[in-house]
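Observations on chain architecture
Okay, here's what each chain looks like letter by letter:
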Amino acid sequence: MFGYININQKIMTEENKNAYQAYYCGLCRRLKTNCGAKGQMLLNYDMTFLIVLLTGLYELSDEASEITCALHPTKRRTVWINEATDYAADMNLILAYHNLIDDWKDDKTYSKKAFAKILDKDYARIAEKYPRQVTAVEEYMRKTEEVESRGETNLDAVAGLSGEMLGEVFCWREDEWAEELRTLGFYMGKFIYIMDAYEDYDADLQKGAYNPLVPLLKESKEDMDTLIRLLLTSMMSECAKSFERLPILLHADILRNVLYSGVWSKYEFIQLKKRKAEEKAKKKTRK
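First things first, this report covers the structure right here in the doc.

**Overview of the environment of Lys121**
Inspection of the secondary structure puts Lys121 in helix 6 (residues 120-129). For Lys121, a relative accessible area of 73% corresponds to the exposed category. Spatially, the C-alpha atoms of Lys121 and Gln271 are 41 Å apart, while their sequence positions differ by 150 residues.

**Here we look at the nonpolar core**
In terms of nonpolar packing, the biggest core is built from 82 residues, with Phe49, Leu53 and Met188 touching the most fellow members. Every residue in contact with Leu53, bar those within four places of it in the chain, is listed here: Phe170, Leu181, Leu184, Phe243, Ile248 and Leu255.

**Considerations on the packing of helix 4 (residues 83-107) against helix 5 (residues 110-118)**
Interhelical geometry of helix 4 versus helix 5 gives an angle of 150 degrees and a closest axis separation of 8 Å. What the angle tells us is that helix 4 and helix 5 run roughly antiparallel. Crossing geometry of helix 4 relative to helix 5 is assigned as left-handed. Residue-level contacts link Tyr97, Leu100, Ile101, Asp103 and Trp104 of helix 4 to Tyr110, Lys112, Lys113, Phe115 and Ala116 of helix 5. For the contact of helix 4 with helix 5, a count of residues per class yields seven nonpolar, no polar and three charged.

**A closer look at helix 3 (residues 46-58)**
With 13 residues, helix 3 should cover 18 Å at 1.5 Å per step; its first-to-last C-alpha distance of 19 Å lies within 8% of that length. In terms of burial, helix 3 is largely enclosed, as 13 of its 13 residues are buried. Two residues or fewer after helix 3 comes Glu59, characterised by a positive phi angle close to 50 degrees.

**Details of the packing of aromatic side chains**
In total, this model carries twelve aromatic pairs according to the counting rule given. Plain terms: the ring middles of Tyr198 and Tyr267 are 5.9 Å apart, the flat faces sit at 25 degrees to each other, and that makes the pair stacked. A residue pair is termed long-range when its members are at least 10 positions apart, and Tyr198 in helix 9 (residues 178-207) and Tyr267 in helix 13 (residues 265-286) qualify at 69 residues. The two residues Tyr198 and Tyr267 agree in class, both being buried. Among the aromatic residues, those joined into a cluster by ring pairs are Tyr58, Tyr87, Tyr130 and Trp172. Directly above the ring of Tyr58 sits Arg173, whose terminal nitrogen or CZ lies 4.8 Å from the centroid. Taking the ring centre of Trp172 as reference, the NZ or CZ of Arg173 above it sits at 3.9 Å.

About the cut-offs
- The numbering scheme is per chain: residues are counted from 1 as the chain's sequence reads.
- At least 70 in pLDDT is required for a residue's local features to be given in this predicted model, at least 80 for side-chain atom pairs to be given and counted, and no such filter applies to totals for whole chains, interfaces and linings, which use all residues.
- Note: side-chain values were computed over all heavy atoms of the structure, leaving out hydrogens and water.
- Helical segments are the DSSP runs of H or I of at least four residues, strand segments are the runs of E of at least two, and each set is numbered from the N terminus.
- When accessible area is computed with a 1.4 Å probe and restricted to protein chains, residues below 20% of their type maximum are described as buried, those above 50% as exposed, and intermediate ones as partly exposed.
- The term nonpolar core refers to a set of buried residues drawn from Ala, Val, Leu, Ile, Met, Phe, Trp, Tyr and Cys, joined through side-chain atoms within 4.5 Å.
- Should any heavy atoms of two residues lie within 4.5 Å, those residues are considered in contact.
- Axes here mean lines fitted to C-alpha atoms, for a helix over just the part in contact, with angles spanning 0 to 180 degrees between N-to-C directions.
- Every angle not falling under 35 degrees, over 145, or within 65 to 115 is termed oblique; those three ranges are roughly parallel, roughly antiparallel and roughly perpendicular.
- By the definition used in this description, the sense in which the near helix is turned from the far one sets the handedness, with an anticlockwise turn below a right angle giving left-handed and a clockwise turn giving right-handed.
- Residues are grouped as follows: Ala, Val, Leu, Ile, Met, Phe, Trp, Tyr, Cys and Pro are nonpolar; Asp, Glu, Lys and Arg are charged; every other residue, Gly included, is polar.
- What a helix is expected to span follows from its residue count: subtract one and scale by 1.5 Å.
- Any two of the Phe, Tyr and Trp rings considered here, Trp counted by its six-membered ring, make a pair once their centres fall within 6.5 Å; the pair's planes then place it as stacked at under 30 degrees, edge-to-face at over 60, or tilted in between.
- Definition used: whenever NZ (Lys) or CZ (Arg) falls within 6 Å of the ring centre and also within 35 degrees of the ring normal, the charge is taken to sit over that ring.

These values are about where atoms sit, not about what they do.
Take a look at the structure:
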């Protein structure tokens, strides 16, 4: 479920790009500090959004530093780390761990299973520290396996499982902001699930793999893109409402960039791929 919470660099100021990159580098450093080099292999931009969100909401102070990164040895990198970085790094590992287990179950790729096994001790440490969040992720995996095995066709119910899980991940602390963060995470989780199902639709259809969009879209295939766009827009509208109800001033422009524009980058990429495939098919037909 990684790879859907992005920024739109084209409309972002240089200052905001640098800030987002500094938090991303901070997440990378924390994963390395907490889990070693293997932790850095789990790095993704999705949890950077969570860092910026929690930093803005709780107005956290950053510990700034300059480092030389092995991947970019010619340029020093600015690193910002705070309490939210530590939390996001732990959630990053928990989600990545289950992603590896899920891939192993789907494809029987032994390397994924072996990698997950290496993370067992780190997983246990985080489970003890954040039992509510880890239990929510484990319940999500169990329930998702159940609905897939019975071929559940209720898209809202299936996507809601992702929403419930991510809602608990977004809810860092049980305080006055807990329910709004849960709501934001809930609709973000549903958005991610639907986007993921949409991206995998053709491949799942060919393989005969479970995808709740297959029965739904078979009924009105010509309206597929319109239907998905409406569903995704509805989810992000609810995310935006929750965000705007939170008293966030710090990094608000970055967060709005993600919520109003960045999250649509994958959808636009999928659309581009579809157009290219259609053009290719037309050329073959002409021949």
